[in-house]
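Listed here are the chains, written in short residue letters.
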Amino acid sequence: MIRCISLAGRSNRLGCLRCDMRFYLVLEQYHIMETLIQMTQVHHNRLRPKASWFSVCLICFLLFSSLQAFGQTLIVSPQNDELSERLEAEALSLSVEDDEPPSDVIAAARGDYARLLAVTYEAGFFGAEISIRLAGHEAAEIDVFDTIRSVRPVDIRINLGAPFRFGRTEVSPLAPQTNLPEKFAPGAIASTEAIRSAGASALEAWREASHAKARVSSQDIVARHRQNRLDVQLRIDPGPALRFGALNVPDDSSVRAKRLRAISDLPSGAPYHPADLERVRRRLFETGAFDSVVVRERDTPNEDGTLDVDVEVTDADPRRVGFGIKIEQQAGFSFEAFWLKRNTFGGAERLRFDADIDGVGDDTGGIDVHVGASLSIPGFRRADDTLTLFANLERLDEVAFESDLVEFGVRRDRKLQDGALVVGLGGLFRFAETKDSFGTRRFQHLVLTWDAVLDRRDDKLDSISGRYFEVSAEPFVGLADDSGTGIRLTGDARAYRALGSQTVLAGRVQLGSVVGSARDETPPEFLFFSGGGGTVRGQSFQSLSIETPTGLIGGRGFLGASLELRQKISDTLGVVGFFDVGYISDESFFADGESHAGVGIGVRYFTSLGPIRADIGFPLGGDSEDSFGLFVGIGQAF
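The following refers to the structure shown. (Residues numbered from 1 in each chain as written. Predicted model: local features only at pLDDT ≥ 70, side-chain atom pairs only at ≥ 80, totals over all residues. Heavy atoms only, no water.)

Structural notes on the pairing of strand S2 (residues 72-77)
The buried count for S2 comes to five of six residues, which makes it a mostly enclosed element. Pairing geometry for S2 and strand S5 (residues 154-159), over six bridges, is parallel. Bridge pairing in S5 places Val76 opposite Ile158. (Buried < 20%, exposed > 50% of the residue type's maximum accessible area, 1.4 Å probe, protein only. Helix = DSSP H or I, 4+ residues; strand = E, 2+ residues; numbered from the N terminus. Pairing = 2+ DSSP bridges.)

So, in structure tokens, the structure goes:
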């Protein structure tokens, strides 16, 4: 409740003086009618019957249009276009259809007083006067039991008055490290939104201090109309400090209750903190076994000072099939498909089979085929850990080599920083038979893998802000005569910055290095090439490599960079300008290498699945055999 200290005799009605386009149109129509009427009066004796009837019909038509335009009016004073739009959207009496009964219009108008008043309070106008007239009668004074034939026109006038500013502001008691919003301070524009934000900030701070049932116990809000000031005093009842109690899981889920609790990992007995509830929800949802997850604390604490938590889940369909396609002018078509079985053994496990076909219809090699299978077990040993068993079978027919390989292994991923950072550790056995400029060779390797991904992007498919970092280290040990020992290092960094509301500058840097292994003892899949959609658009696929007396091989060092300027020109269409550069060296640390670059433009069509990308790149330097490259896919290039 807001207590008002107002001037004597202040009206309770509100009105506004902003004329919308309909009002101006009506005035112009009346000017036209005036002219026609005068012409008809002056020349009445000389008008032929047909012309006279035409004038009368035209006048009637314009009069009817004018009355229709005057069917509803919203005028705000002083003029405030943004607030006028919000008021018009809240005024239900302006949106009632003409054929609706008068009682519906009256009911809507009577409810509009409170709705419009709430909008003015939200904007900081606590002395506004509102008048809603139906066919010339104030809506608040119309008896709903009266028989009324017409309630048109609807005329709403709002006199905002001067905006109010905060006078005295107080919220107490406050938890340690409470940060009240800057807009809730003496001298700032007063608004109910600022008051709500202050109350919410105070309650959230108490909840983070383990007082889960903190509430606003009282509020005293005084509007001083003479000074246009609003005094606000909020009293907080923090309630007792609580600890987490039991986690109650559903009995109707196909995931076992024991596994639900293990994946959730609610810290029972620990001090309450709302972030722990969000972690429980995230852990369950990211298993992929559920369509929805709701985590809700009980309304009433237990007598021992604990607070129980309820979990509600909706199981996802046990099976899922998906597919995708990518098109590049140089690399041809790429197809991928997968089959997924959720909750394979009743513990939210995921069994997945993948199949990829790359290079269909290209002129830079043959067709690459990949078939893989994996089994993921979430909540393995720890709630944020996932154990994955996998096996892959590949046939690669690239520009510089051919390879048949089999690998199988295991890895364990741990999520940190509430899932933004993922660190993985694993190992695999790898067997390959390759044919390249060194001839036919057989490789056998034990490979250890370590990688970390930090993803702070706002949107993975169409980032506007944020950062992305990925690093990996793969020590490999040769188990056969032709198999060398070394380490493969890679890195990928991306950054995004908004330049206004419609423009984004995006940058990417990639690097790679193979250390310790001679190039003739290193599997060609471990070496680096540049050119194509993933590195330098406009250059031919894998066109930059190392030339030897017997043919081409990949480099042991790679450095790539990309820069994009993305401009959105409508809700569904955008354009992109880009520049890519790539560098390949025979040495591990980027010595004695060669580079090439590409430049181009692209179009983005924005859909609910993400932007559909079409880029045309042109080569700069290098030995590309193509004059341009076309790249089509879903999502931004990076």
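Some details on the side chain of Ser463
Looking at where Ser463 falls in the secondary structure, it is placed in the loop between strand S19 (439-455) and strand S20 (466-478). Polar contacts involving the side chain of Ser463 include one to the main-chain carbonyl oxygen of Asp459, which spans 2.5 Å. (Polar contact = N/O pair within 3.5 Å; in protein donor to acceptor, adjacent residues only side chain to side chain.)

Points about the packing of helix H6 (residues 257-264) against helix H7 (residues 274-285)
The packing of two helices is summarised by the inter-axis angle and the distance between the axes. Relative to each other, H6 and H7 sit at 125 degrees, their axes nearing to 8 Å. Overall, the two elements H6 and H7 adopt an arrangement that is oblique. Facing H6, whose interface residues are Leu260, Ile263 and Ser264, H7 presents Val280, Arg283 and Leu284. Of the residues that constitute the contact of H6 with H7, the class distribution is four nonpolar, one polar and one charged. (Axes fitted to C-alpha atoms, helices over the stretch in contact; angles between N-to-C directions. Parallel < 35°, antiparallel > 145°, perpendicular 65-115°, else oblique. Contact = heavy atoms within 4.5 Å. Nonpolar A, V, L, I, M, F, W, Y, C, P; charged D, E, K, R; others polar.)

Quick notes on the sheet that holds strand S9 (residues 243-248)
With respect to topology, three strands assemble into an open sheet ordered S9-S11-S10, the strand pairing being mixed. Taken across any chain shown, the strands that pair with only one partner, and hence form the sheet edges, are S9 and strand S10 (290-297). Between one strand axis and the next, the sheet turns by 25 degrees as a mean value, whatever way the strands run. Direction of pairing for S9 relative to strand S11 (residues 306-315): parallel, over a ladder of four bridges. Residue Asn248 lies in a different strand from S11, and its bridge partner there is Asp310.

Focus on unusual backbone geometry
The peptide bond linking Arg152 to Pro153 adopts the cis configuration, its omega dihedral lying at 5 degrees. In this chain, Ser172 is followed by Pro173 through a cis amide linkage whose omega measures -10 degrees. Considering the arrangement of structural elements, one finds Pro173 in the loop between strand S6 (165-172) and helix H5 (192-208). The phi dihedral of Asn228 is positive, around 50 degrees, even though this residue is not glycine. When its relative accessible area of 24% is taken as the criterion, Asn228 is described as partly exposed. We note that Asp265 has phi near 55 degrees; this positive angle belongs to a residue other than glycine. Looking at where Asp265 falls in the secondary structure, it is placed in the loop between H6 and H7. Relative accessible area serves as the criterion here: at 41%, Asp265 is assigned to the partly exposed category.

A closer look at the packing of helix H3 (residues 81-90) against helix H4 (residues 102-123)
Direction vectors running N to C along H3 and H4 enclose 155 degrees, while the axes themselves pass 9 Å from each other. On the basis of the axis angle, H3 is roughly antiparallel to H4. Pair H3 / H4 crosses with right-handed handedness. Residues Leu83, Arg86, Leu87 and Glu90 of H3 pack against Asp112, Arg115, Leu116, Val119, Thr120, Glu122 and Ala123 of H4. For the contact of H3 with H4, the class distribution of residues is five nonpolar, one polar and five charged. (Left-handed = near helix turned anticlockwise from the far one by under 90°.)

Regarding the packing of aromatic side chains
Scanning the entire structure with this criterion turns up 11 aromatic pairs. With centroids separated by 6.2 Å and ring planes inclined at 15 degrees, the aromatic side chains of Phe528 and Phe558 adopt a geometry described as stacked. A residue pair is termed long-range when its members are at least 10 positions apart, and Phe528 in the loop between strand S22 (503-515) and strand S23 (546-548) and Phe558 in strand S25 (residues 557-568) qualify at 30 residues. For Phe528, a relative accessible area of 7% translates into the label buried. Looking at Phe558, the relative accessible area reads 5%, which means it is buried. Among the aromatic residues, ring-to-ring pairing joins Tyr121, Phe126 and Phe164 into one connected group. Here the basic side chain of Arg352 rests over the ring of Phe338, its NZ or CZ set 4.1 Å away from the ring centre. One Lys or Arg, Arg494, reaches over the ring of Tyr468 and ends 4.5 Å from the middle of that ring. (Phe/Tyr/Trp six-rings, centres within 6.5 Å; stacked < 30°, edge-to-face > 60°. Lys NZ or Arg CZ within 6 Å of the ring centre and 35° of its normal.)

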